[in-house]
2 protein chains.
Amino acid sequence: MPYPSRLPRNQQAVLDVLSQQSHPLSAQELYGVLRQQQLIGLATVYRALETLKLRGLVQSRADTSGESLYSPVEQDQHYLTCLQCGRSFPLDRCPVQELEEHLQYSVPFKVYYHTLEFFGICEPCIESVD
Amino acid sequence: MPYPSRLPRNQQAVLDVLSQQSHPLSAQELYGVLRQQQLIGLATVYRALETLKLRGLVQSRADTSGESLYSPVEQDQHYLTCLQCGRSFPLDRCPVQELEEHLQYSVPFKVYYHTLEFFGICEPCIESVD
DNA sequence: TAAGCGAATGATAATCGTTCTCATTATACT
DNA sequence: AGTATAATGAGAACGATTATCATTCGCTTA
Ligand SMILES: [Mn+2]
Ligand SMILES: [Mn+2]
Ligand SMILES: [Zn+2]
Ligand SMILES: [Zn+2]
């Protein structure tokens, strides 16, 4: 068997914190939360996140500033993001859920998760003409 | 009128190079190409890209390493990306093109472009068990 | 239970894409 | 031409992520 049945202590801790949150966290935010509970290094947080992604347990997406945000793979949330003010507006449902299942059959690739995001200008920003 | 009809020299140059390429370029790669043609600063390249995005002429997405890749908004290409080896496999068509048009009517938001990417493990990497 | 060994860890330095600063120059408008 | 504003280039600064390395942990085996 390639993987041990249990996750190492810190990987489990990272996964636990992510699962408790309702919104994605950056590695640094995660580090901030975890260090209140136990001694942990920042590098360990990054390493845990990387491994959890490879195990198909965690997903990540890059926010507008390029920083990576992490969440459990079960979370399937997408946003409209304004290029002007940076605000994000959540979509009420995922439009590519069935598509992902179809893909599984048509490509030689094990899909773990997807990212989908729309970019443009939000209502308030359209009014405030530049 | 909020915008001048002509783009500043360097914004135009950036857009020209992007349009000539068939694949997305990073800001640094763009800088490398442009400096062979003219005197230009790296900061100017970043500034031009930012402005072109706001004008709805250029889109960007983050690659696996977090680096931003830029292309004309007309380009509508998506990938399956392997979390193990980092290789990307292009999708043969965009699955959310109609969806984007529908969105325009259902939300107070001017959509310029979208990003969509699938992540998982590619065939060769599945075989090479860890 | 003690020894051995590879994986995991924490501290910290290094990396590198991106942004900021600021003095200079090009451009638009009168 | 003269002035106001936007654009620009060089380089410093920033900050998220990664690499390094010595130490510790967890598990297997004798
Ligand atoms: Mn989804
Ligand atoms: Mn598309
Ligand atoms: Zn906005
Ligand atoms: Zn692969």
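Since the structure is predicted, the reported quantities are computational estimates derived from the model, not experimental observations.

Conventions we followed
- Residues numbered from 1 in each chain as written.
- Chains lettered and ligands numbered in written order.
- Predicted model: local features only at pLDDT ≥ 70, side-chain atom pairs only at ≥ 80, totals over all residues.
- Heavy atoms only, no water.
- Near = heavy atom within 4 Å.
- Polar contact = N/O pair within 3.5 Å; in protein donor to acceptor, adjacent residues only side chain to side chain.
- Helix = DSSP H or I, 4+ residues; strand = E, 2+ residues; numbered from the N terminus.
- Nonpolar A, V, L, I, M, F, W, Y, C, P; charged D, E, K, R; others polar.
- Contact = heavy atoms within 4.5 Å.
- Salt bridge = Lys/Arg side-chain N within 4 Å of Asp/Glu carboxyl O.
- Pairing = 2+ DSSP bridges.
- Donors = N, O, S within 2.8 Å, 3.2 Å for Na, K, Ca; no water.
- Tetrahedral: all angles 85-135°; square planar, octahedral: opposite > 155°, others 65-115°.
- Buried < 20%, exposed > 50% of the residue type's maximum accessible area, 1.4 Å probe, protein only.
- Axes fitted to C-alpha atoms, helices over the stretch in contact; angles between N-to-C directions.
- Parallel < 35°, antiparallel > 145°, perpendicular 65-115°, else oblique.
- Domains from an automatic or database assignment.
- Buried area = accessible area lost by both parts, 1.4 Å probe.
- Least-squares fit on C-alpha atoms with pLDDT ≥ 70 in both.

## Observations regarding the protein's contact with DNA strand D
Now for step 1: Around DNA strand D, a shell composed of 15 residues is seen, among which Tyr46 of chain A together with Asn10, Leu39, Thr44 and Arg47 of chain B lie nearest.
Now for step 2: Taking the atoms of DNA strand D that fall within 4 Å of the protein, sugar and phosphate contribute 61% of them.
Now for step 3: Contact between DNA strand D and Tyr46 of chain A: a phosphate oxygen at 2.4 Å from a side-chain N or O atom of the residue.
Now for step 4: At the level of secondary structure, the elements contributing two or more residues to the surface near DNA strand D comprise α3 (42-54) of chain A together with α3 (42-54) of chain B.
Now for step 5: Considering each element in turn, the surface near DNA strand D owes the most residues, four residues, to α3 of chain A.
Now for step 6: For the surface near DNA strand D, the per-class residue count stands at seven nonpolar, five polar and three charged.

## Comments concerning the interface of chain A and chain B
Now for step 1: With 36 residues of chain A at the contact, the number on the chain B side is 36 residues.
Now for step 2: Applying the counting criterion to the chain A and chain B interface returns zero salt bridges.
Now for step 3: On inspection of chain A and its partner chain B, the count reaches ten residue pairs in polar contact (both at pLDDT 80 or more).
Now for step 4: Mapped onto the side of chain A that touches chain B, the elements with two or more residues apiece are α3, β4 (79-82), α4 (97-106), β6 (109-122) and α5 (123-127) of chain A.
Now for step 5: By residue number, the principal contributor to the side of chain A that touches chain B is β6 of chain A, which donates 14 residues.
Now for step 6: Relative to strand β6 (residues 109-122) of chain B, β6 of chain A runs antiparallel, the two sharing 13 bridges. Residue pairing in the sheet places Glu117 of chain A in a bridge with Thr115 of chain B of β6 of chain B.

## Focus: the coordination of the zinc ion (ligand 3)
Residue and element names in this part refer to chain A.
Now for step 1: Those donors, Cys82 (SG), Cys85 (SG), Cys122 (SG) and Cys125 (SG), are the protein atoms that reach the zinc ion (ligand 3), and they lie 2.3 Å from it.
Now for step 2: Coordination at the zinc ion (ligand 3) is tetrahedral: its four donor atoms span angles of 105 to 114 degrees at the metal.
Now for step 3: Between consecutive donors of the zinc ion (ligand 3), the numbers of intervening residues give the motif C-x2-C-x36-C-x2-C. You can see Cys82 sitting in strand β4 and its partner Cys122 sitting in strand β6, a full 40 residues away along the chain. When sorted by exposure, Cys82 lands in the same class as Cys122, which is buried.

## Things to note about the packing of helix α1 (residues 9-20) of chain B against helix α2 (residues 27-34) of chain B
Residue and element names in this part refer to chain B.
Now for step 1: Between α1 and α2, the least distance of the axes is 10 Å, while the angle of their chain directions is 105 degrees. As far as their axial angle goes, α2 and α1 are roughly perpendicular. Residues Ala13, Val14, Val17 and Leu18 of α1 touch α2, and the partners they reach there are Leu30, Val33 and Leu34.
Now for step 2: Residues belonging to the contact of α1 with α2 are distributed by class as follows: seven nonpolar, no polar and no charged.

## Here we look at the sheet that holds β6 of chain A
Now for step 1: Taken in spatial order, the six strands make up an open sheet running β5(A)-β4(A)-β6(A)-β6(B)-β4(B)-β5(B), and their pairing is mixed. Pairing within the sheet leaves two strands with one partner each, and these edge strands are β5 (88-90) of chain A together with β5 (88-90) of chain B. The mean angle between the axes of side-by-side strands here comes to 25 degrees, regardless of whether they run parallel or antiparallel.

## Topic: the domain arrangement of chain A
Accessible area lost during the coming together of the parts is what is often quoted as the interface size.
Residue and element names in this part refer to chain A.
Now for step 1: Taken domain by domain, chain A consists of domain 1 (1-73) and domain 2 (76-130).
Now for step 2: A straight line from the C-alpha centre of domain 1 to that of domain 2 covers 22 Å.
Now for step 3: With eleven residues of domain 1 at the contact, the number on the domain 2 side is eight residues.
Now for step 4: Between domain 1 and domain 2, a total of about 730 Å² is buried, with carbon and sulfur atoms accounting for 53% of that surface.
Now for step 5: For the domain 1 face of the interface with domain 2, the top three residues by lost area are Gln59, Arg61 and Thr64, together amounting to 52%.
Now for step 6: Here domain 1 and domain 2 share one salt bridge between them.
Now for step 7: In this structure, the salt-bridge partner of Arg61 is Glu117, at a minimum N-O distance of 3.8 Å.
Now for step 8: Within the residue set of the side of domain 1 that touches domain 2, elements represented by two or more residues are α3 and β2 (58-62).
Now for step 9: Considering each element in turn, the side of domain 1 that touches domain 2 owes the most residues, four residues, to β2.

## Examining the relation of the copies chain A and chain B
Now for step 1: By a simple turn and slide, chain A fits onto chain B: the slide is 0.0 Å along the axis, the RMSD is 0.0 Å, and the turn is 180 degrees. Considering both components of the superposition, the chain copies are consistent with a two-fold axis. Closest approach to the rotation axis among the C-alpha atoms of chain A is made by Leu116 of chain A, whose C-alpha sits 2.2 Å away.
Now for step 2: A share of 100% of the interface residues of chain A reappears at the interface of chain B, consistent with the copies meeting face to face through the same patch.

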